[in-house]
Every structure is written in structure tokens, then in C-alpha cells.
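Structural characterization, general
This is what each chain is made of:
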Amino acid sequence: LIFLYSVRRVKTPKRETNNIFIKNLDKSIDHKTLFDTFSMFGNILSCKVVCTPAGESKGYGFVHYDADESAKKAIDKVNNMMLAGKKVFVAPFQPKVARQDADAGPRFTNIYVKNLPDSVQTDADLKAYFAEHGTITSVWLPTE
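Residues numbered from 1 in each chain as written. Predicted model: local features only at pLDDT ≥ 70, side-chain atom pairs only at ≥ 80, totals over all residues. Heavy atoms only, no water.

1. Observations regarding the nonpolar core
Ranked by size, the top nonpolar core spans 18 residues in total, and within it Ile 20, Ile 22, Leu 34, Phe 38, Val 63, Tyr 65 and Val 90 carry the most contacts. Broken down by secondary-structure element, the contributors of at least two residues to this core are strand 1 (19-23), helix 1 (31-38), strand 2 (44-51), strand 3 (57-65) and helix 2 (68-78). The leading source of residues in this core is helix 2, at four residues. Beyond its immediate stretch of four places on either side in the chain, Tyr 65 contacts Asn 18, Ile 20, Phe 38, Phe 41, Gly 42, Asn 43, Ile 44, Leu 45, Ser 70, Ala 71 and Ala 74. (Core = buried A, V, L, I, M, F, W, Y, C linked by side-chain atoms within 4.5 Å. Buried < 20%, exposed > 50% of the residue type's maximum accessible area, 1.4 Å probe, protein only. Helix = DSSP H or I, 4+ residues; strand = E, 2+ residues; numbered from the N terminus. Contact = heavy atoms within 4.5 Å.)

2. Regarding the packing of aromatic side chains
By the definition in use, this model includes six aromatic pairs. Ring geometry for Phe 38 against Phe 41: centres 6.4 Å apart, planes inclined by 55°, an arrangement best described as tilted. Judged on exposure class, the residue Phe 38 and its partner Phe 41 are both buried. Consider the rings of Tyr 60 and Phe 62, whose centres lie 6.0 Å apart with planes at 90°: the pair is edge-to-face. Under the relative-accessibility criterion, Tyr 60 is labelled partly exposed at 27%. Linked through ring pairs, Phe 21, Tyr 60, Phe 62 and Phe 93 together constitute an aromatic cluster. Of note, Lys 23 hangs over the ring of Phe 89, and the distance from its end group to the ring centre comes to 5.0 Å. (Phe/Tyr/Trp six-rings, centres within 6.5 Å; stacked < 30°, edge-to-face > 60°. Lys NZ or Arg CZ within 6 Å of the ring centre and 35° of its normal.)

Just distances and angles here, no functional claims.
The structure is reproduced here in C-alpha cells:
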């Protein structure tokens, strides 16, 4: 007679409110360091630092908690905190689809203009020249 004992883990669906995104991580922060930093806020279901194929950190990661409250506490306490010498950004995870919908406006708003009139000599002149067409956030006029 052979008895086999197995423990089945029930997969819990990832809920966006339990999953947080951390960016601007120092390259020295690995999975364990991220886990140790965020485990004080609640039970972590998964924790990952995104790395290149060579194994180097890309500077961002994800932590998935079992409770909404844990994720909210982690965001409140760690966002804008210094971690390994860098100020980190912590926010609720948003799927790519949600991020694209939020940024539904025009993607490419930079323009290059040549053959400007001689009256446009400074950045202020250039800004005034195009002001009637909409809000201008930055201007750069190269000079020789």
C-alpha cells in the first residue's frame, strides 16, 4: 500500500486592488529584499523584481497581497520613501489596458518647425508665435 500526501494550493485570482507597482528601485534590490521590505504590511502572495535576461534589475517590481488593506498600507508608508538610496514610487498596479485608456490623448505632441520668420529670435517669440494653436508646455529654439 502506498499513501501519497499532497497539498493543493488554490490559485487566488489577482485583484488589482491587492497588487502594487514599485518603480525607481535601486539595482541592488532583489526579490528577497523587496519581500522583506513589504512583508511588514501583510501577507504577500507573490513578489517580483523585473530583471533583464542577464539577471540585472530593471528598477521596478510588483507585490501582490492577500488583502486590500495591506496594499493600501504599503502604498501609504513606502511611497516617496528612500530605499537603498533612491526615492521609490509605489502605487496600485494598473493593467496595460487601463493605462492606455487613461492616456487616450495624443501620444506624439512634439513638433519640429523650420523656415520660421525672421521675427522669431527667442524662445519667448517662438512660444508667442504658436500660442494661438493651443497650450505650449516647452519650447526650444536652437541658435547658432
